[in-house]
Amino acid sequence: MTPARQNPALAALLIVVASGFIASTTLLAKALGTDTLGPALHPMQISHGRFMFAFLAIISAVGILRPRLSRPHWGLHIGRTSFGWVGITLMFASVAFIPIADATAISFLNPVFAMVLAIPLLKEGVGPWRWLAAAVALTGALILLRPTPASFQPAALLALTAAAVIGMELIFIKKLSGREIPIQILLINNAMGLTIASVAVSFVFHMPTPQQWAALVGIGVLMACAQACFVNGMARADASFVAPISYATLIFAAFYDFAVFGVIPDVISQIGSTIILTGGLILVWREARQRQALSR
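Here's what I pulled together on the structure shown here. This is a predicted model, so every value here is computed, not measured. (Residues numbered from 1 in each chain as written. Predicted model: local features only at pLDDT ≥ 70, side-chain atom pairs only at ≥ 80, totals over all residues. Heavy atoms only, no water.)

1. A look at the nonpolar core
Counting 58 residues, the largest nonpolar core has Leu32, Ile46, Phe230 and Val242 as its most contacted members. Looking at this core element by element, the count peaks at 10 residues for helix α9 (residues 210–234). (Core = buried A, V, L, I, M, F, W, Y, C linked by side-chain atoms within 4.5 Å. Buried < 20%, exposed > 50% of the residue type's maximum accessible area, 1.4 Å probe, protein only. Helix = DSSP H or I, 4+ residues; strand = E, 2+ residues; numbered from the N terminus.)

Here it is as structure tokens:
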């Protein structure tokens, strides 16, 4: 397979779009994990719905596009799917007990984990500008987190664990993105994830309400779209460049709160979101300057 041409600007755009989709799934997971749409669903049932409907969306796309599939690297797929299922289930569990902004801020520390892991596992060089951008984004996330004694409740630890686990998943995604086409990666990931989730949900399943079914479908389809954007973005730039940009999810989460629930971000939220956006822009600007210098 010919690796995707490196294009950091396009990679950044794809990750931003993916972040918007992911923030939407988090809001739906919050509704499903509480009594908003009916009796609260267990996190493993929400995770099962996410994999089931994402798989149906992707298998439909495969049937229409009929891509040329290659021999998969099963070891990388198993690692990626295992970490992904654990991470998303922990994330869905956390948002049922703590505010979405807190859970998102904690769990989306995964780009920092991914950037650090990319150094020994992917042999990527992380220069001072990338460290600076990651530090800026992390500072914004910490501001949005509003560290208080309430932040150290058990549910916050679920989100923190999700961040570490998903950070490891990013490494597997990057390794796969150079070997197989994105749609094959998504197809196998969601097929494996559905298998794992189907076994787990058998212990906690109860029949969702019609509104909950609709939300589960929404989570699956939106996550499939997010994965497509994310895998394509990872294939077009270093993981240490791409990963911190996913902090944009925090900005989308704040926007959705305002658009759907009428929650107006306070000064702290505005400052934190601005700092996170600044970190992403530093990455894009620096990468563009380096590419211009190399092309001369």
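2. What to know about the packing of helix α5 (residues 110–121) against helix α7 (residues 154–177)
The N-to-C vectors of α5 and α7 enclose an angle of 50 degrees; their axes lie 8 Å apart at closest approach. In terms of their interaxial angle, α5 and α7 are classed as oblique. Pair α5 / α7 crosses with right-handed handedness. Of α7, the residues touching α5 (which contributes Asn110, Phe113, Ala114, Leu117, Ala118 and Leu121) are Ala163, Ala164, Ile166, Gly167, Met168, Leu170, Ile171 and Lys175. (Axes fitted to C-alpha atoms, helices over the stretch in contact; angles between N-to-C directions. Parallel < 35°, antiparallel > 145°, perpendicular 65-115°, else oblique. Left-handed = near helix turned anticlockwise from the far one by under 90°. Contact = heavy atoms within 4.5 Å.)

3. Points about a nonpolar patch on the surface
Together, Leu10, Leu13 and Val17 give the surface a local cluster of nonpolar side chains, amounting to about 230 Å² of exposed area. Within the element layout of this structure, Val17 appears in helix α1 (residues 8–33). (Patch = residues over 30% accessible without salt bridge, like charges linked within 9 Å, V, L, I, M, F, W, Y side chains within 5 Å. Areas by Shrake-Rupley, 256 points an atom, 1.4 Å probe, with all protein chains shown as cover. Salt bridge = Lys/Arg side-chain N within 4 Å of Asp/Glu carboxyl O.)

4. Overview of empty space enclosed by the protein
Across all of its chains, the model carries 1 cavity of 30 Å³ or more by this definition. Roughly 400 Å³ of volume is contained in the largest cavity. For the largest cavity, the lining is made up of 25 residues, of which Ile22, Ile88, Ile166, Glu169 and Met223 are closest to its centre. Counting only elements with at least two residues in the lining of the largest cavity, the list comes to α1, α2 (43–65), α3 (74–95), α7 and α9. It is α3 that contributes the most residues to the lining of the largest cavity, 7 residues altogether. Considered class by class, the residues forming the lining of the largest cavity number 13 nonpolar, 9 polar and 3 charged. (1 Å grid on protein atoms, 1.4 Å probe; cavity = no way out; pocket = protein on both sides within 12 Å on 5 of 7 lines; lining within 4 Å. Points joined across faces, edges and corners; volume = space filled by probe spheres on them. Nonpolar A, V, L, I, M, F, W, Y, C, P; charged D, E, K, R; others polar.)

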